[in-house]
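These are the residues of each chain, in order.
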Amino acid sequence: MDSTTLTTPRLRMTAVQKSFGATRALKNVSFEVAAGEVHALIGENGAGKSTLMKILSGAHLPDAGAVELDGQPFVPANPLRARRSGIAMIYQELTLAPHLSVEENILLGEEPARCGWLNRSRRRELAHRALAELRHEKIPLDAPVNSRTIAEQQIVEIARALIGEPKVLIMDEPTSSLTQVDTQNLFAVIERLRRLKVSVIYISHFLEECQRIADRYTVLRDGESVAHGDMASADLRQIIRLMVGREISDIYPRMPHGLGEPVLELRALAGWPKPQAASLTLRAGEILGVAGLVGTGLTETLRSKEETHRTPAQRLKSGIGLLSENRKEEGLMLNRSLADNLTLTRYAPLSRCGFIQRRRQRQTAQDWMDRLDVRAQDPGQTVGELSGGNQQKIALGRLLHHQASVLLLDEPTRGIDVGSKAQIYKLLGQLAEQGKAIIFVSSYLPELLGVCDTIGVMCRGVLLEVRPAGQWTEHGIIAAAIGQAATATA
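Residues numbered from 1 in each chain as written. Predicted model: local features only at pLDDT ≥ 70, side-chain atom pairs only at ≥ 80, totals over all residues. Heavy atoms only, no water.

Asker: It is not clear to me how the pairing of strand S10 (residues 199-203) should be interpreted in this structure. Could you clarify?
Answerer: Side-chain direction in a regular strand flips from residue to residue, so the side chains alternate between the two faces of the sheet. Extensive coverage of S10 is indicated by the burial of five of its five residues. The alternating pattern of S10 places Ser199, Ile201 and Ile203 on one face and Val200 and Tyr202 on the opposite face, and all of these are buried. In this structure, strand S9 (residues 168-172) lies alongside S10, joined through five bridges in parallel fashion. Across the sheet, Leu169 pairs through a bridge with Val200, a residue of S10. Handedness of the β-α-β unit built from S9, helix H6 (residues 180-195) and S10 comes out right-handed. (Buried < 20%, exposed > 50% of the residue type's maximum accessible area, 1.4 Å probe, protein only. Helix = DSSP H or I, 4+ residues; strand = E, 2+ residues; numbered from the N terminus. Pairing = 2+ DSSP bridges. Right-handed = clockwise from strand over helix to strand, strands pointing away.)

Asker: Would you mind going over the pattern of salt bridges with me for this structure?
Answerer: Two side chains of opposite charge can pair, provided their charged atoms sit close to one another. Summed over all chains, the structure comprises 22 salt bridges. Of the charged contacts, one joins Asp70 and Lys167 as a salt bridge, the two residues approaching to 3.0 Å between their closest N and O atoms. Of this pair, Asp70 sits in the loop between strand S4 (64-69) and strand S5 (72-73) while Lys167 sits in the loop between helix H5 (150-162) and S9; the two residues are 97 residues apart in sequence, bridging distant segments of the chain. Since its relative accessible area comes to 40%, Asp70 is described here as partly exposed. When its relative accessible area of 34% is taken as the criterion, Lys167 is described as partly exposed. (Salt bridge = Lys/Arg side-chain N within 4 Å of Asp/Glu carboxyl O.)

Asker: Would you explain the state of the cysteines in this entry?
Answerer: Counted according to the given criterion, the structure contains zero disulfides. Considering cysteine sulfurs only, Cys452 is the nearest to Cys459, which forms no disulfide, with 19 Å between them. (Disulfide = S-S within 2.5 Å.)

Asker: For this particular structure, what's the right way to read the sheet that holds strand S1 (residues 11-20)?
Answerer: Note: strands within a sheet are paired through backbone hydrogen bonds, in either parallel or antiparallel orientation. Strand order across the open sheet formed by four strands is S2-S1-S4-S5, with antiparallel pairing between neighbours. Of all the strands in the sheet, just strand S2 (23-33) and S5 have a single pairing partner and so form its edges. Relative to S4, S1 is paired through five bridges, and the arrangement is antiparallel. Residue pairing in the sheet places Leu11 in a bridge with Leu69 of S4. Relative to the sheet, helix H1 (residues 49-56) contacts S1, S2 and S4, its axis offset from that of S1 by approximately 115°. (Contact = heavy atoms within 4.5 Å. Axes fitted to C-alpha atoms, helices over the stretch in contact; angles between N-to-C directions.)

Shown next, in the form of structure tokens:
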């Protein structure tokens, strides 16, 4: 899109400020987007992106500054008023009603009615159409949404935002749990919205996606807008420097490490309904990546029990630790302190006569925070107050405190910024150097190719072939995931 089309933007935010207590989340942020434009909003976790969009979507009120929509002052009192004014938002953290069905969630607040009565057939038709547009019409409409995988729940969240023909659609990390195939399907939907003159604000830590889909970009750092520009001429390394305020020389740092003896073997592992047959051999010091499409059994494979039917506690005792893809509901206790979250599963070295020694616990937690470079006030801070990247470091730190020797990592970099990702990649290399064995499930293929020693691909619940990472390409992984084995070689 030519920048001259922005003389009369659909949306303009000028010198917006927002504070939460003593914390200044936004400091004079200015931002604008035209009709039919896809605008990438880029920044680290905690830079102010989500706060800015929550002001636009009516979840927060600004402390100062001006917002205009179609040339008129716009300060929605709540999300419902923003939605009725044409602002729709896909939140980074899912906002679904867990016990309602997929169909009910998609049309929640937008239920079609006839003569004051709910039009159930019309609701079903609209829900099916929204999922079909994302090529996921096979997701059962009657199923409780909390029975679906995180990736499928994200599809439902996106489908809900497409209902009602918005003027401005805000996408906050919409592909963080999606495979590359589903990401391409979403991009096709964005192209259609662009032709319909819908303004799309696209927030993502995947800069390659921003470059692929966006017309222009704005970079936020520490609550301020520090750069704007046309994406076509953007230098991604310069954008990264603007985001983090420093040079990141290597996003995928390689730590030298050798592969030892097998420590975990799966032989035709099966569960209900997936996996159907998962086979692999994991060696000490190995980072083994696993890729596949949504619904093929990636998460289920990590969670499956063998014929011994061991409990999660018994798995932890045997040295196997699982990092959930859903840190918000399963990976962390958001209302408890960093110290409690880090030490929860291994109190023995911190207790005496059955009582936890709080000073020792806080010191242990501080040691892990220093090692993992966690940005927080102190070990007593509530973990829910941290950015997504720092929360993920705490979840990973708990497994390290437990002295797990086999780490099962399910989307460990989901929803975190490029600086935090580079730190986690480096940490994984260091752990492999120490002899830890790691299974790394991810829908983001560049990180699998950049970090892993070996990669396996799941197709329809089956994981058989695991090859050195150098023998794979992104195209080959996708081909294997959809069953085109003949074209999957590098």
